[in-house]
Amino acid sequence: MKQPLTLGFSPCPNDTFMFYPLVHGLVDTAGQRFNERLEDVETLNRLAVKGVLDVTKVSYAALGHIREEYALLKAGSALGRGCGPLLVAREPFGPADLAGKTIAIPGRYTTAHLLMRLYNPGLETFLEMPFHEIMDAVMTGRADAGVIIHESRFTYQGFGLHQLVDLGAWWEGETGLPIPLGGIVARRSLGAETIRNIEAALAAGVEYARANPDEAAHYIREHAQEMSEQVCAAHIGLYVNDFSQSLGDEGERAVIELLRRAESAGIIPASQAPLFI
(Lines give C-alpha, C1' and ligand atoms only; values in the text may rest on other atoms or scores of the structure.)
Protein backbone atom coordinates (compact mmCIF):
# COMPACT_ATOMS: atom_id res chain seq x y z
CA MET A 1 0.00 0.00 0.00
CA LYS A 2 1.42 3.36 -1.02
CA GLN A 3 1.90 6.01 1.62
CA PRO A 4 -0.65 8.84 1.29
CA LEU A 5 0.57 12.12 -0.12
CA THR A 6 -0.37 15.53 1.21
CA LEU A 7 -2.64 17.29 -1.30
CA GLY A 8 -3.33 21.00 -0.94
CA PHE A 9 -6.09 22.94 -2.67
CA SER A 10 -8.36 25.84 -1.83
CA PRO A 11 -11.99 25.76 -0.66
CA CYS A 12 -12.95 27.84 -3.70
CA PRO A 13 -15.61 26.17 -5.89
CA ASN A 14 -13.36 25.62 -8.88
CA ASP A 15 -10.88 23.62 -6.79
CA THR A 16 -13.41 21.59 -4.81
CA PHE A 17 -15.24 20.88 -8.09
CA MET A 18 -12.08 19.59 -9.80
CA PHE A 19 -10.62 17.66 -6.86
CA TYR A 20 -13.82 15.99 -5.68
CA PRO A 21 -13.47 12.93 -7.99
CA LEU A 22 -9.80 12.49 -7.06
CA VAL A 23 -10.17 12.61 -3.28
CA HIS A 24 -13.38 10.53 -3.28
CA GLY A 25 -11.99 7.64 -5.33
CA LEU A 26 -14.07 8.22 -8.42
CA VAL A 27 -11.12 7.99 -10.81
CA ASP A 28 -8.13 5.66 -11.08
CA THR A 29 -5.24 6.95 -8.94
CA ALA A 30 -2.90 3.98 -9.57
CA GLY A 31 -3.26 3.07 -5.90
CA GLN A 32 -2.17 6.48 -4.65
CA ARG A 33 -4.02 7.88 -1.64
CA PHE A 34 -4.14 11.51 -0.55
CA ASN A 35 -4.56 13.46 2.66
CA GLU A 36 -6.23 16.64 1.54
CA ARG A 37 -5.55 20.03 3.10
CA LEU A 38 -7.83 22.91 2.17
CA GLU A 39 -6.36 26.37 2.67
CA ASP A 40 -6.55 29.88 1.24
CA VAL A 41 -4.39 30.14 -1.89
CA GLU A 42 -1.75 32.36 -0.27
CA THR A 43 -1.45 29.90 2.62
CA LEU A 44 -0.89 27.15 0.04
CA ASN A 45 1.71 29.34 -1.70
CA ARG A 46 3.64 29.81 1.53
CA LEU A 47 3.43 26.12 2.41
CA ALA A 48 4.86 25.30 -1.02
CA VAL A 49 7.67 27.84 -0.59
CA LYS A 50 8.53 26.00 2.64
CA GLY A 51 8.29 22.63 0.86
CA VAL A 52 5.58 21.32 3.20
CA LEU A 53 3.16 19.72 0.71
CA ASP A 54 3.69 16.88 -1.76
CA VAL A 55 1.12 18.04 -4.30
CA THR A 56 -0.62 21.40 -4.17
CA LYS A 57 -2.43 24.20 -5.93
CA VAL A 58 -0.29 27.35 -6.12
CA SER A 59 -0.48 30.72 -7.78
CA TYR A 60 1.64 30.85 -10.92
CA ALA A 61 3.56 33.70 -9.31
CA ALA A 62 4.51 31.34 -6.48
CA LEU A 63 5.66 28.74 -9.00
CA GLY A 64 8.42 31.16 -9.93
CA HIS A 65 9.89 30.74 -6.43
CA ILE A 66 9.69 26.93 -6.20
CA ARG A 67 10.71 25.67 -9.63
CA GLU A 68 13.76 23.82 -8.30
CA GLU A 69 11.69 21.69 -5.89
CA TYR A 70 8.34 21.35 -7.68
CA ALA A 71 7.25 20.41 -11.21
CA LEU A 72 4.09 21.75 -12.82
CA LEU A 73 1.30 19.35 -13.76
CA LYS A 74 -0.49 19.85 -17.08
CA ALA A 75 -3.91 19.28 -15.48
CA GLY A 76 -5.78 21.28 -12.86
CA SER A 77 -4.88 24.83 -13.84
CA ALA A 78 -6.98 27.95 -13.46
CA LEU A 79 -6.16 29.71 -16.69
CA GLY A 80 -8.26 31.43 -19.31
CA ARG A 81 -9.59 34.60 -20.82
CA GLY A 82 -11.81 37.17 -19.15
CA CYS A 83 -10.99 35.79 -15.70
CA GLY A 84 -8.13 37.92 -14.42
CA PRO A 85 -7.86 39.93 -11.20
CA LEU A 86 -9.55 43.34 -11.05
CA LEU A 87 -8.22 46.52 -9.46
CA VAL A 88 -11.11 48.31 -7.72
CA ALA A 89 -11.57 51.47 -5.66
CA ARG A 90 -14.29 53.43 -3.85
CA GLU A 91 -14.21 56.19 -6.45
CA PRO A 92 -13.16 55.90 -10.08
CA PHE A 93 -9.78 57.37 -10.96
CA GLY A 94 -7.32 56.87 -13.79
CA PRO A 95 -4.42 54.39 -13.80
CA ALA A 96 -2.05 57.35 -14.01
CA ASP A 97 -3.21 58.39 -10.52
CA LEU A 98 -2.04 55.16 -8.87
CA ALA A 99 1.33 56.63 -7.88
CA GLY A 100 1.65 56.83 -4.13
CA LYS A 101 -1.52 54.85 -3.51
CA THR A 102 -1.80 51.94 -1.06
CA ILE A 103 -2.94 48.82 -2.90
CA ALA A 104 -4.46 45.88 -1.02
CA ILE A 105 -3.35 42.52 -2.42
CA PRO A 106 -4.31 38.92 -1.57
CA GLY A 107 -0.74 37.91 -0.75
CA ARG A 108 2.88 38.37 -1.76
CA TYR A 109 3.01 35.19 -3.86
CA THR A 110 -0.30 35.61 -5.69
CA THR A 111 -0.52 36.12 -9.43
CA ALA A 112 -2.71 39.14 -8.65
CA HIS A 113 0.26 40.82 -6.95
CA LEU A 114 2.62 39.83 -9.76
CA LEU A 115 0.30 41.24 -12.42
CA MET A 116 -0.08 44.50 -10.49
CA ARG A 117 3.69 44.88 -10.36
CA LEU A 118 4.09 44.06 -14.05
CA TYR A 119 1.30 46.48 -14.95
CA ASN A 120 2.84 49.34 -12.93
CA PRO A 121 6.43 48.69 -11.82
CA GLY A 122 6.48 52.04 -10.00
CA LEU A 123 4.02 51.00 -7.30
CA GLU A 124 5.65 50.63 -3.89
CA THR A 125 2.99 50.39 -1.17
CA PHE A 126 1.14 47.10 -0.96
CA LEU A 127 -1.03 45.90 1.91
CA GLU A 128 -1.25 42.10 2.20
CA MET A 129 -4.43 40.50 3.54
CA PRO A 130 -6.72 37.51 2.93
CA PHE A 131 -8.55 37.95 -0.38
CA HIS A 132 -11.98 38.08 1.26
CA GLU A 133 -10.98 41.13 3.35
CA ILE A 134 -9.87 43.31 0.45
CA MET A 135 -13.22 44.84 -0.50
CA ASP A 136 -13.84 45.86 3.11
CA ALA A 137 -10.36 47.41 3.32
CA VAL A 138 -11.10 49.50 0.24
CA MET A 139 -14.58 50.48 1.42
CA THR A 140 -13.30 51.58 4.84
CA GLY A 141 -10.32 53.48 3.48
CA ARG A 142 -7.57 51.21 4.84
CA ALA A 143 -6.44 50.89 1.23
CA ASP A 144 -6.84 53.30 -1.68
CA ALA A 145 -7.53 50.42 -4.07
CA GLY A 146 -7.50 46.64 -4.01
CA VAL A 147 -6.79 43.73 -6.33
CA ILE A 148 -9.72 41.33 -6.07
CA ILE A 149 -9.83 37.68 -7.12
CA HIS A 150 -12.13 34.65 -6.91
CA GLU A 151 -15.80 35.34 -6.24
CA SER A 152 -15.18 39.03 -5.45
CA ARG A 153 -15.16 39.78 -9.16
CA PHE A 154 -18.83 38.75 -9.25
CA THR A 155 -19.91 40.82 -6.24
CA TYR A 156 -17.80 44.00 -6.02
CA GLN A 157 -20.35 46.22 -7.78
CA GLY A 158 -22.92 45.37 -5.13
CA PHE A 159 -20.58 46.99 -2.59
CA GLY A 160 -20.42 50.24 -4.55
CA LEU A 161 -16.86 49.69 -5.79
CA HIS A 162 -15.56 50.72 -9.20
CA GLN A 163 -13.25 48.80 -11.52
CA LEU A 164 -10.10 50.72 -12.38
CA VAL A 165 -8.16 48.06 -14.30
CA ASP A 166 -8.90 44.55 -15.51
CA LEU A 167 -5.44 43.05 -15.13
CA GLY A 168 -6.41 39.94 -17.09
CA ALA A 169 -7.58 42.03 -20.03
CA TRP A 170 -4.35 44.05 -19.82
CA TRP A 171 -2.31 40.83 -19.92
CA GLU A 172 -4.29 39.48 -22.87
CA GLY A 173 -3.84 42.76 -24.74
CA GLU A 174 -0.10 42.77 -24.05
CA THR A 175 0.59 39.15 -24.93
CA GLY A 176 -2.36 37.76 -26.87
CA LEU A 177 -2.31 34.87 -24.40
CA PRO A 178 -4.74 33.67 -21.74
CA ILE A 179 -3.89 34.63 -18.17
CA PRO A 180 -2.36 31.85 -16.04
CA LEU A 181 -3.67 32.28 -12.49
CA GLY A 182 -2.95 29.05 -10.62
CA GLY A 183 -1.71 25.54 -11.29
CA ILE A 184 -0.99 22.23 -9.60
CA VAL A 185 2.57 21.29 -8.69
CA ALA A 186 4.17 18.09 -7.37
CA ARG A 187 7.40 17.65 -5.46
CA ARG A 188 10.09 16.54 -7.94
CA SER A 189 11.44 14.05 -5.40
CA LEU A 190 8.27 11.96 -5.85
CA GLY A 191 9.74 10.74 -9.12
CA ALA A 192 8.54 10.86 -12.71
CA GLU A 193 6.26 7.81 -12.58
CA THR A 194 4.36 8.97 -9.49
CA ILE A 195 4.01 12.50 -10.82
CA ARG A 196 2.69 11.29 -14.18
CA ASN A 197 0.18 9.04 -12.41
CA ILE A 198 -1.05 11.96 -10.32
CA GLU A 199 -1.31 14.14 -13.41
CA ALA A 200 -3.33 11.47 -15.25
CA ALA A 201 -5.63 11.00 -12.25
CA LEU A 202 -6.21 14.73 -11.94
CA ALA A 203 -6.97 15.06 -15.66
CA ALA A 204 -9.43 12.19 -15.37
CA GLY A 205 -10.96 13.88 -12.33
CA VAL A 206 -11.49 17.14 -14.18
CA GLU A 207 -13.11 15.25 -17.06
CA TYR A 208 -15.35 13.36 -14.62
CA ALA A 209 -16.37 16.55 -12.80
CA ARG A 210 -17.25 18.34 -16.03
CA ALA A 211 -19.30 15.35 -17.22
CA ASN A 212 -21.12 15.09 -13.86
CA PRO A 213 -21.39 18.72 -12.71
CA ASP A 214 -24.01 18.14 -10.01
CA GLU A 215 -22.30 15.25 -8.25
CA ALA A 216 -19.94 17.40 -6.17
CA ALA A 217 -22.57 20.00 -5.21
CA HIS A 218 -22.69 19.05 -1.53
CA TYR A 219 -18.87 19.04 -1.25
CA ILE A 220 -18.63 22.44 -2.93
CA ARG A 221 -21.34 23.93 -0.70
CA GLU A 222 -19.68 22.49 2.40
CA HIS A 223 -16.57 24.57 1.72
CA ALA A 224 -18.21 27.65 0.17
CA GLN A 225 -20.92 28.30 2.73
CA GLU A 226 -21.04 32.08 2.28
CA MET A 227 -21.54 31.94 -1.48
CA SER A 228 -24.87 31.75 -3.23
CA GLU A 229 -25.44 28.89 -5.65
CA GLN A 230 -25.41 31.39 -8.52
CA VAL A 231 -21.98 32.74 -7.53
CA CYS A 232 -20.64 29.19 -7.09
CA ALA A 233 -21.87 28.24 -10.55
CA ALA A 234 -20.42 31.39 -12.11
CA HIS A 235 -17.11 30.75 -10.33
CA ILE A 236 -16.84 27.20 -11.68
CA GLY A 237 -17.95 28.27 -15.15
CA LEU A 238 -15.26 30.94 -15.31
CA TYR A 239 -12.28 29.08 -13.85
CA VAL A 240 -12.83 25.47 -14.95
CA ASN A 241 -12.38 25.06 -18.69
CA ASP A 242 -10.42 23.14 -21.31
CA PHE A 243 -7.14 24.49 -19.92
CA SER A 244 -8.03 22.85 -16.60
CA GLN A 245 -8.06 19.44 -18.23
CA SER A 246 -4.83 20.08 -20.13
CA LEU A 247 -2.75 23.22 -20.51
CA GLY A 248 -2.05 22.51 -24.17
CA ASP A 249 0.44 24.50 -26.25
CA GLU A 250 -1.26 27.85 -25.69
CA GLY A 251 -1.49 27.33 -21.95
CA GLU A 252 2.15 26.33 -21.73
CA ARG A 253 3.19 29.41 -23.72
CA ALA A 254 1.15 31.61 -21.35
CA VAL A 255 2.83 30.16 -18.26
CA ILE A 256 6.29 30.45 -19.79
CA GLU A 257 5.66 34.07 -20.80
CA LEU A 258 4.41 35.03 -17.33
CA LEU A 259 7.47 33.50 -15.68
CA ARG A 260 9.78 35.07 -18.28
CA ARG A 261 8.39 38.55 -17.62
CA ALA A 262 8.52 38.06 -13.86
CA GLU A 263 12.12 36.87 -14.09
CA SER A 264 13.12 39.77 -16.35
CA ALA A 265 11.57 42.22 -13.88
CA GLY A 266 13.55 40.68 -11.01
CA ILE A 267 10.37 39.58 -9.22
CA ILE A 268 11.23 35.87 -9.20
CA PRO A 269 14.65 34.19 -9.17
CA ALA A 270 16.16 32.76 -12.35
CA SER A 271 15.87 29.01 -12.77
CA GLN A 272 17.10 26.44 -15.25
CA ALA A 273 14.79 23.73 -13.93
CA PRO A 274 12.40 22.27 -16.54
CA LEU A 275 8.81 23.39 -16.01
CA PHE A 276 7.43 19.85 -16.24
CA ILE A 277 8.83 16.52 -15.06
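Residues numbered from 1 in each chain as written. Predicted model: local features only at pLDDT ≥ 70, side-chain atom pairs only at ≥ 80, totals over all residues. Heavy atoms only, no water.

## Examining the state of the cysteines
Definition in use: We call a pair of cysteine sulfur atoms a disulfide whenever their separation is within 2.5 Å. The cut-offs for exposure are 20% and 50% of the maximum accessible area for each residue type, with area from a 1.4 Å probe on protein chains only; residues under the lower value are buried, those over the upper are exposed, and the others partly exposed.
Taken as a whole and judged by the stated rule, the model has 0 disulfides. As a non-bridged cysteine, C83 has C12 as the owner of its nearest cysteine sulfur, 13 Å distant. Given the relative accessible area of 2%, C83 is considered buried. With no disulfide of its own, C232 lies closest to C12 among cysteine sulfurs, the gap being 9.6 Å.

## Here we look at the side chain of Q32
Note the cut-off: For helices the rule is a DSSP run of H or I covering at least 4 residues; for strands it is a run of E covering at least 2, with both sets numbered from the N terminus onward. Counting of polar contacts relies on pairs of N or O atoms within 3.5 Å, with two restrictions inside protein: one atom must be capable of donating a hydrogen and the other of accepting it, and residues adjacent in sequence are counted only when both atoms are side-chain atoms. In what follows, residue pairs with any heavy atoms lying within 4.5 Å of each other are defined as contacts.
In this structure, Q32 sits in the loop between α1 (13-23) and β2 (34-38). For Q32, the side chain forms a polar contact with the main-chain oxygen of Q3, separated by 2.9 Å. When sequence neighbours within four positions are dropped, the list of residues in contact with Q32 reads K2, Q3, P4, L5 and T194.

## Quick word on the sheet that holds strand β6 (residues 86-89)
Just so we agree on the cut-off: When DSSP finds at least two bridges between two strands, those strands are taken to pair. Each axis is a line fitted through C-alpha atoms, and for a helix only the stretch in contact is used; angles between axes span 0 to 180 degrees, taken between their N-to-C directions.
In spatial order, the strands read β8-β7-β9-β6-β10; together these 5 strands make up an open sheet with mixed pairing. A single partner strand is all that each edge strand has here, and the edge strands are β8 (125-128) and β10 (162-166). Between one strand axis and the next, the sheet turns through 30° on average, direction left out of account. Summarising the sheet, β6 and β10 pair through 4 bridges and their orientation is antiparallel.

## A closer look at the pattern of salt bridges
Where charged atoms of side chains with opposite charge meet at close range, the side chains can pair. Filter applied, for reference: By definition, a salt bridge exists where a carboxyl oxygen of Asp or Glu is found within 4 Å of a side-chain nitrogen of Lys or Arg.
Under the definition given, this model contains 13 salt bridges. R46 is paired through a salt bridge with E42; the nearest N and O atoms lie 3.3 Å apart. On the criterion of helical spacing, the pair formed by R46 and E42 is a turn pair, its members being 4 residues apart in helix α2 (residues 41-49). Of the residues examined, R46 reaches a relative accessible area of 34% and is grouped as partly exposed. Judged by relative accessible area, E42 falls into the buried class, the value being 7%. Between K74 and E252 there is a salt bridge whose closest N-O contact spans 3.6 Å. Taken together, the residues span a long stretch of sequence, with K74 in the loop between β4 (70-72) and β5 (78-80) and E252 in helix α12 (residues 248-264) at a distance of 178 residues. Its relative accessible area of 32% is what places K74 among the partly exposed residues. A network of salt bridges, in which partner residues are shared, links E174, E257, R260 and R261.

## Focus: the nonpolar core
Condition: Residues enter a nonpolar core if they are buried and are Ala, Val, Leu, Ile, Met, Phe, Trp, Tyr or Cys, with the set joined through side-chain atoms within 4.5 Å.
Counting residues in hydrophobic clusters, the biggest one holds 51 residues, and the most contacted among them are L63, L72, L87, I103, M116, V147 and V255. If near-sequence neighbours (up to four positions away) are discounted, L87 is found in contact with L98, I103, M116, A145, G146, V147, H162, Q163, L164 and V165. In terms of nonpolar packing, the next biggest core, distinct from the first, is built from 30 residues, L5, L7, V27 and V55 among them.

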